[in-house]
Amino acid sequence: MRTALTWRDKAEQCIYDLAFKPDGTQLVIAAGNRLLVYDTSDGTLIQPLKGHKDTVYCVAYAKDGKRFASGSADKSVIIWTSKLEGILKYTHNDSIQCVSYNPVTHQLASCSSSDFGLWSPEQKSVSKTKTSSKITCCSWTNDGQYLALGMFNGVVSIRNKNGDEKVKIERTGGASAPIWSICWNPSRDERNDILAVADWGQKLSFYQLSGKQVGKDRMLNFDPCCVSYFTKGEYILLGGSDKQVSLFTKDGVRLGTIGEQSSWVWTCKVKPDSNYVAVGCQDGTISFYQLIFSTVHGLYKDRYAYRDSMTDVIVQHLITEQKVRIKGRELVKKIAIYKNRLAIQMPEKILIYELYSDDSSDMYYRVKEKIVKKFECNLLVVCSNHIILCQEKRLQCLSFSGVKEREWLMESLIRYIKVIGGPPGREGLLVGLKNGQILKIFVDNALAMVLLKQSTAVRCLDMSASRTKLAVVDENDTCLVYDIHTKELLFQEPNANSVAWNTQCEDMLCFSGGGYLHIKASSFPVHQQKLQGFVVGYNGSKIFCLHVFSMSAVEVPQSAPMYQYLERKMFREAYQIACLGVTDADWRELAMEALEGLEFETAKKAFTRVRDLRYLELISSIEERRRRGENSRELFLADVYAYQGKFHEAAKLYKKSGHENLALEMFSDLRMFDCAKDFLGSEDPKDTKMLIKKQADWAKNINEPRAAVEMYLSAGEHTKAIEISGDHGWVEMLIEIARKLDKAEREPLSKCAFYFKQLGNPGYAAETYLKMGDLKALVQLHVDTQRWEEAFAVSEKHPELKDDVYVPYAQWLAENDRFEEAQRAFHRAGRQGEALRVLEQLTHNAVLESRFDDAAYYYWMLSMQCLDIAREHEPQTTEMLQKFHHYQHLAEVYHVYHFIQRYTEEPFSFHLAETLFNMSRFLLHSLTKEIPLGISKVNTLFALAKQSRALGAYKLARHAYDKLQGLQVPARFQKSIELGSLRIRSKPFHDSEVKLPFAPANKLKSALSVWALPPSLSSPQLPSSLPAISPKPFPLDAHAVAPVSSLSPAGGDFHASCSRHPFPPPPRLQ
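From a predicted model like this one, the values you see are computed outputs, not experimental measurements.

1. Considerations on the overall build of the chain
Now for step 1: Scanning the chain for helices and strands turns up 28 helices and 55 strands.
Now for step 2: Taking as baseline every contact in the chain between residues at least 6 positions apart, the subset at least 24 positions apart corresponds to 43%.
Now for step 3: Taken as a whole, the chain presents about 51,000 Å² of accessible surface, with 48% of it coming from carbon and sulfur.

Listed below in structure tokens is the structure:
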């Protein structure tokens, strides 16, 4: 920090107070009984103001800049406008000691020796409040809610806007340490309002609004007369009996002297939002200083350390933007950073810090060493194990313990020094002198090496990453680049104030100057762009720039140098530049240029960067072809042009390399058929046909089917034309195609027939099949469309197709419940087994559905079917006769059970008791060995029990009820069976013989003749080898014969019910 006197003036009387206009253009000074108004820019006295009759002690400007107030020993307060006109005057009982405007409400506080008053433009009178001691100073809080009053008795009283005391701070020392100046910190970043208090006990103290002291008292060793903050609250100004103005941190750490005076300093203030300070002294001197805060910082690669608030050090990672603050309590004079080391010089010591870890992202530092010693130096450099102090022409190397190990004395003033790396303890330093010498020094070597000597003084310098080139900025703002080994000047550029080599690219450097950033790659022309500040580092695509007091990392695309390399077809160098940082568009341009230059390795890397899989596949295919021995550059380049959309150029190269077919395929795939025709000219018709075919494919894909059909037909692709026509239902088109086709072209004709059939035009399909001579397909067509007459007609002419007609016909009949016709059809087709299986399935279904009458009829038909098979197939005679008897038996059983089931299920029965009685006895006799599916023994016994009891056959009824007790009886029969069992117990154990007459033989024969076989199936109809079969009555024993009296009505009824047909067919078959 240094100060510069801007202007100075001298008044005849003591300067007790001063105030700046909020915009900083005017300075109002209390001098004697006058106010002096100065122009702050040059110290010109604008106007003296007279209005007070005695010494003016205080002056204050309102925050809005519209008015200011002054207080005097004449006990009056005058309100002045910004136009320097007095508008209001009011008085107190004693001399006015201080005035202060509320920063929010613009309420004026005026304090005298015995009271204080509060005035605002809205009120007519001034409200005054008495105090117990003389008020020496006052200050409002930032929000304007509270007013702090400093008393002569050492007390600080904090009042609200109404003048009521809220907090009273009684300090040690009391009246022996009167409060002489107070000021609230104006910073809005502080969590609490902080009040700075300066007393004549020579202490500086800080308090919160609650009255709690912050930190300890700071001893000043002089009597303070004024204290004030900078606009943002970062620094404090103090002046008093030490005849100087001192700068302190906001925590009270002294930083230095602003200006020494010849008498006491009674007042000092900071110009709003600036670094200018106005000072008023007892002898009437008015001084206006500018504070120049020099930038104290250090940079190593992407770590930047700089001073903040004069006592703190902030280390910033320029890439990740991480920051860490190292707090200090003393003025930071110098900073140096290198790798994991950080050196901070303070007035009486040097602190050396190190990182906690070797992690490149670690930002936490700890103290490694302390060198408690005062050093005076111009530059400070830190290495791994040493610090380097620069003192004009002298360099000193000290260990971290403070021991001087080495010293170098230069011929001229040292202007620049930089650590360029090296092993720990053996680092190299680059030193630039005012006489133009550039030296290289190793910290472990006492001898300095002269790299080169130029005629102009060195201002800045840097060495390339490989240490083969040196860039120097001289005092004439010229950037000169040398080859270190040959000492040759490679090039020079004007308008430079700082320079930096790219740490990742040997041939790139940048320099700043004239508000521009200049980037130079190799020997190419310089690329410029606007940039404010100084370049201090260049890493990849990031340029580190120091502007005023802030360091920033600027992302600079390396597009310009990359394109410079591309213009010279230096693809690999261009790729290295692109890796530093370019846009996606630049990467794509690099990839395309490298691809056209057939530099496939670079192109592959660039396309990988932009994730273009299409071009990566192309490069991979070209590389594979090269491995197989292809080496035609024209062909490879043609492929590249085709991918890039340069189709005509690609076609020319295809033709030049002898691959015209590839050009034709390209145009065809792109649907550029006119271009393809122009390319073909009048060459091979085969290629023309192929082109038309592809054009038809394209027309089909773009949903122009009619055009596609016409093109396919002209190209001879009948099948595809038929498919499109069929899919769109164009029957007329299909007829036209089918009639034009030759009968030998079976595949397209078959396709036509298929679509005719699908579109509901079997007549055209039949015509097509006849044209082809495909009778089997014709028969199948008639069968599928159920045109049986046409199918029979074809089968009559061609007996070999008989099965193809009658089998599906029989199946169709069966599906439509025309079973007898289906039987005949199966027979006609010679499919006896299938006919039998159909009937068996029908029978099984009838049983499952409890249609026992239908089941009886079907079993009778099955028995007849078995006789037919036995007659026609002699080897199966025995088997079929066994089945015949079995099916006959089942037919009888199911026919009888049909009536029993109806009797048990239905509420009424049309059969007489004797008939049901005999049926039940017959069933029980038939179910002795095996019970057929669906027949219930419970139903049979239940019917027998009821009819026996009704007919007086109690013994048989009791036997039936006993049998039912051993069976699982349905719930609906349970109650009836239990009741019948009880009732039968009341009946005799033997039946009356009167009721048991036997039936005559002729009557019995008549009753049972119903079960005989039909006459049509008698033995004369069988082959001679078969045994004669005669009608066979049921094998009923003596107990099964019903009484004649009971059979006479029942037998007649039973016979009558069955005499029409052995088993009547189901109603749906009649």
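2. Remarks on the nonpolar core
Now for step 1: Grouped together as the largest cluster of nonpolar side chains are 51 residues, with contacts concentrated most on Leu 590, Leu 595 and Phe 607.
Now for step 2: What Leu 590 contacts, discounting residues up to four positions off in sequence, is Met 562, Leu 566, Phe 571, Ala 574, Tyr 575, Ala 578, Thr 602 and Ala 606.
Now for step 3: Counting residues in hydrophobic clusters, the runner-up holds 49 residues, among them Leu 355, Met 363, Ile 417 and Leu 433.

3. What to know about helix H15 (residues 762-772)
Now for step 1: For H15, every residue scored as buried is listed here: Ala 765, Ala 766, Thr 768, Tyr 769 and Met 772. The buried residues of H15 occupy an angular sector of 160° when projected down its axis, which confines them to one face.
Now for step 2: The elements touched by buried residues of H15 are helix H13 (731-740), helix H14 (746-758) and helix H16 (775-784).
Now for step 3: After H15 finishes, the residue Gly 773 shows a positive phi value of roughly 80°.

4. Remarks on the sheet that holds strand E48 (residues 489-493)
Now for step 1: Strand order across the open sheet formed by four strands is E45-E46-E47-E48, with antiparallel pairing between neighbours. The open sheet is flanked by strand E45 (458-463) and E48, the only strands paired with a single partner. Strand-to-strand twist of the sheet, defined as the mean angle between neighbouring strand axes without regard to direction, takes the value 20°.
Now for step 2: Two strands pair when backbone bridges link them, and strand E47 (residues 479-483) and E48 are joined in this way by four bridges, in the antiparallel orientation. When the bridges of E48 are listed, Tyr 482 appears paired with Leu 489.

5. Some remarks on the packing of helix H5 (residues 613-627) against helix H6 (residues 633-644)
Now for step 1: At a minimum axis separation of 11 Å, H5 and H6 run at an interaxial angle of 170°. One element, H5, and the other, H6, form an angle in the roughly antiparallel class. As H5 packs across H6, the resulting crossing turns out to be right-handed. Residues Arg 614, Tyr 615, Leu 618, Ile 622, Arg 625 and Arg 626 of H5 touch H6, and the partners they reach there are Leu 635, Phe 636, Asp 639, Val 640, Tyr 643 and Gln 644.
Now for step 2: Here the contact of H5 with H6 is composed, by residue class, of seven nonpolar, one polar and four charged.

6. A word on unusual backbone geometry
Now for step 1: Even without glycine at this site, Asp 273 takes up a positive phi of about 55°.
Now for step 2: Following the sequence through the fold, Asp 273 ends up in the loop between strand E26 (265-270) and strand E27 (276-281).
Now for step 3: Here the phi dihedral of Lys 301 falls at roughly 55°; this positive angle occurs in a residue that is not glycine.
Now for step 4: Topologically, Lys 301 is positioned in the loop between strand E29 (297-300) and strand E30 (303-308).

7. Let's talk about the packing of aromatic side chains
Now for step 1: Counted under the stated rule, the structure contains 27 aromatic pairs.
Now for step 2: Where Tyr 16 meets Tyr 57, the ring centres are 5.3 Å apart and the plane angle is 90°; that geometry is what we call edge-to-face. Taken together, the residues Tyr 16 in strand E2 (residues 15-20) and Tyr 57 in strand E6 (residues 56-61) connect sequence positions 41 residues apart.
Now for step 3: By relative accessible area, Tyr 57 is classed as partly exposed at 26%.
Now for step 4: Both rings, one in Phe 20 and one in Phe 288, keep their centres 6.2 Å apart while their planes meet at 55°; by these two values the pair is tilted.

8. Quick word on the pattern of salt bridges
Side chains that differ in charge, positive against negative, can pair when their charged atoms come close.
Now for step 1: A full pass over the atoms with the stated rule returns 32 salt bridges.
Now for step 2: Put simply, Asp 612 and Arg 588 hold a salt bridge, and the shortest N to O gap is 2.7 Å. Pair noted here: Asp 612 is in the loop between helix H4 (600-610) and H5 and Arg 588 is in helix H3 (residues 584-596), with a separation of 24 residues, a long-range link.
Now for step 3: By relative accessible area, Asp 612 is classed as buried at 11%.
Now for step 4: On the basis of relative accessible area, Arg 588 is assigned to the partly exposed category, the value being 33%.
Now for step 5: Of the charged contacts in the structure, one is a salt bridge between Arg 972 and Glu 905, with a shortest N-O distance of 2.6 Å. Of this pair, Arg 972 sits in helix H26 (residues 971-985) while Glu 905 sits in helix H22 (residues 877-905), and the two are 67 residues apart along the sequence.
Now for step 6: For Glu 905, a relative accessible area of 40% translates into the label partly exposed.
Now for step 7: One connected set of salt bridges, linked through shared partners, spans Arg 341, Glu 354, Arg 366 and Lys 368.

How each quantity is defined
Residues numbered from 1 in each chain as written. Predicted model: local features only at pLDDT ≥ 70, side-chain atom pairs only at ≥ 80, totals over all residues. Heavy atoms only, no water. Helix = DSSP H or I, 4+ residues; strand = E, 2+ residues; numbered from the N terminus. Contact = heavy atoms within 4.5 Å. Areas by Shrake-Rupley, 256 points an atom, 1.4 Å probe, with all protein chains shown as cover. Core = buried A, V, L, I, M, F, W, Y, C linked by side-chain atoms within 4.5 Å. Buried < 20%, exposed > 50% of the residue type's maximum accessible area, 1.4 Å probe, protein only. Arc of directions from axis to C-beta. Pairing = 2+ DSSP bridges. Axes fitted to C-alpha atoms, helices over the stretch in contact; angles between N-to-C directions. Parallel < 35°, antiparallel > 145°, perpendicular 65-115°, else oblique. Left-handed = near helix turned anticlockwise from the far one by under 90°. Nonpolar A, V, L, I, M, F, W, Y, C, P; charged D, E, K, R; others polar. Phe/Tyr/Trp six-rings, centres within 6.5 Å; stacked < 30°, edge-to-face > 60°. Salt bridge = Lys/Arg side-chain N within 4 Å of Asp/Glu carboxyl O.

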